[in-house]
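# Descriptive analysis of the structure
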Amino acid sequence: MNGIHALIVDDSSVMRKIVERSLRQAGIELTQVLEAGNGAEALCVLKENRVELILCDINMPVMDGLEFIKQLSSVENAKGVPVVMITTEGSEAHVVQALSCGARGYIRKPFTPDQVKEHVVPILGGKS
Amino acid sequence: MRSSVNEALAANGQHEAWTPLLELAAREVFELMLGCQLVPSTTPEEASLDVTSMVGLAGKLCGVLSLRCDGKSAALMASKMLGVEAEKVGPEVSDALGEVCNMIAGNFKNKISGLSEGCMLSVPTVITGTDYSLHSQADSPGLEVRLLFEGMPIAISLQIRR
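We now turn to the structure provided with this report. (Residues numbered from 1 in each chain as written. Chains lettered and ligands numbered in written order. Predicted model: local features only at pLDDT ≥ 70, side-chain atom pairs only at ≥ 80, totals over all residues. Heavy atoms only, no water.)

## Side note on the overall build of chain A
Rules: Helix numbering and strand numbering both begin at the N terminus, where a helix is a DSSP run of H or I of at least 4 residues and a strand a DSSP run of E of at least 2. It is over C-alpha atoms that the radius of gyration is taken, and the globule rule equals 2.2 Å times the number of residues to the power 0.38. The cut-offs for exposure are 20% and 50% of the maximum accessible area for each residue type, with area from a 1.4 Å probe on protein chains only; residues under the lower value are buried, those over the upper are exposed, and the others partly exposed. Any pair of residues with heavy atoms lying within 4.5 Å of one another is described as a contacting pair.
Across its full length, chain A carries five helices and five strands. Since a compact globule built from 128 residues should have a radius of gyration of about 14 Å, the 13 Å found for chain A is in line with a globular shape. Dimensions of chain A along its principal axes, counting C-alpha atoms only, are 35 × 30 × 25 Å. Expressed as a percentage of its 128 residues, the buried residues of chain A come to 56%. Expressed as a percentage of contacts within chain A between residues at least 6 apart in sequence, the contacts between residues at least 24 apart total 65%.

## Focus: the nonpolar core
We apply this condition: The criterion is simple. A nonpolar core is a set of buried Ala, Val, Leu, Ile, Met, Phe, Trp, Tyr and Cys residues joined through side-chain atoms within 4.5 Å.
Grouped together as the largest cluster of nonpolar side chains are 68 residues, with contacts concentrated most on Leu23(A), Leu53(A), Val120(A), Phe30(B) and Ile154(B). Once residues lying within four places of it in the same chain are set aside, the contact partners of Leu53(A) are Ile4(A), His5(A), Ala6(A), Leu7(A), Leu23(A), Val81(A), Pro82(A), Val84(A), Val120(A), Ile123(A) and Leu124(A). Core analysis: the next-biggest nonpolar cluster, separate from the first, contains 28 residues, Leu66(A), Phe68(A), Met85(A) and Ala98(A) among them.

## Details of the packing of aromatic side chains
Residues and elements named next belong to chain B. Selection rule: Here a pair means two rings of Phe, Tyr or Trp (six-membered ring of Trp) with centres within 6.5 Å. Their orientation is stacked below 30 degrees between planes, edge-to-face above 60, and tilted elsewhere.
For the structure on display, the rule yields two aromatic pairs over all chains. Ring centres of tryptophan 18 and phenylalanine 108 lie 5.9 Å apart, and the angle between their planes is 70°; this geometry places the pair in the edge-to-face category. Taken together, the residues span a long stretch of sequence, with tryptophan 18 in the loop between helix 1 (5–10) and helix 2 (19–33) and phenylalanine 108 in helix 4 (residues 92–110) at a distance of 90 residues. We classify tryptophan 18 as buried; its relative accessible area is 0%.

## Let's talk about the packing of helix 1 (residues 13–25) of chain A against helix 4 of chain B
The criterion, for reference: Under this scheme, a helix contributes an axis fitted over its contacting stretch, all axes are lines through C-alpha atoms, and angles between N-to-C directions fall in the 0 to 180 degree range. Throughout this description, any angle smaller than 35 degrees is read as roughly parallel, any larger than 145 degrees as roughly antiparallel, any in the 65 to 115 degree range as roughly perpendicular, and the remainder as oblique. Charged residues are taken to be Asp, Glu, Lys and Arg, nonpolar residues to be Ala, Val, Leu, Ile, Met, Phe, Trp, Tyr, Cys and Pro, and polar residues to be all remaining types, Gly included.
Packing of helix 1 of chain A against helix 4 of chain B brings their axes to within 8 Å, and their N-to-C directions diverge by 75°. With respect to each other, helix 1 of chain A and helix 4 of chain B are oriented roughly perpendicular. Only Glu92(B), Asp95(B), Ala96(B), Glu99(B) and Met103(B) of helix 4 of chain B make contact with helix 1 of chain A, whose side of the interface consists of Ser13(A), Val14(A) and Met15(A). Partitioned by chemical class, the residues of the contact of helix 1 of chain A with helix 4 of chain B number four nonpolar, one polar and three charged.

## Considerations on the environment of Gly83(B)
Relative to the helices and strands, Gly83(B) resides in the loop between helix 3 (71–82) and helix 4. Each C-alpha atom, one on Gly83(B) and one on Leu34(B), is 9.1 Å from the other, the two residues being 49 residues apart in sequence.

## Focus: helix 2 (residues 39–48) of chain A
All names here are of chain A. Defined as follows: Working note: the arc is built from the helix axis to C-beta atom directions. N or O atoms closer than or at 3.5 Å make up a polar contact, with two conditions inside protein: a donor-capable atom paired with an acceptor-capable one, and, for residues adjacent in sequence, both atoms drawn from side chains.
Those residues of helix 2 not exposed but buried are Gly39, Ala42, Leu43, Val45 and Leu46. Viewed along the axis of helix 2, the buried residues span an arc of 160°, placing them on a single side of the element. Every exposed residue of helix 2 that faces more than 90 degrees away from the buried side is listed here: Lys47 and Glu48. For helix 2, the elements touching its buried residues are strand 1 (4–9), strand 2 (30–36), strand 3 (53–56) and helix 3 (65–72). Put simply, asparagine 38 is the residue that caps the front of helix 2, since its side-chain oxygen is 2.9 Å from the backbone nitrogen of alanine 40.

Below, the structure is given as structure tokens:
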């Protein structure tokens, strides 16, 4: 099976590494992992690259994760790409808000690789 | 285990009931994200906890949650999060400690009914050194949990403004 190209958006470089490791531990084969420190950086990355999965924090400086999802449709490369939020903001209101903005999944920190697998694998539709 | 923010705030600021939740929140973060168990600290620890990470809370609950440890502990936390040897960890230490504090704060507020929706977290701040005084508008005695991380003392505190 071919691996996927993923974009991880989080203002913490340590957390980006943890998310990448968790994806691999969840059995998701990654061909390329791109990183961005906030939503605005992520939009720039997506203008130059195609990915099949985006994992995104909510609370970030410059542009937060919810605003990032709202602007995602303006980037041709990103149309239809599933976004999974990974955040400490775990309230139902945040989940509803993220899903209504277009997120396909929602993972609360702290998390396990099994939780990543549970939320990410189904939306990849066999790509991993 | 969940508690109600309104119940606790109505009870003359009897926030002590939240101490087990604060400890549980920390234990879960260390277990899930660092792969290690925190154990109770049975003796008062005099070690210098010279690295402090703080996250502010605003909304239904206002205050500051802090995590204090020494430099060796902070480096070990970063190494466990990154999956590298502690000697190879560099500037990521502050980032890692800030994230740990952020996750404890988020996990703690998500355990209290009514708080997860109505309480925002600030970005973490990390201070290194001991020669400083922290002046918070928090006006309650606050909660503190002292635990051992890989045999080294850490302190998790919550100062609350009523």
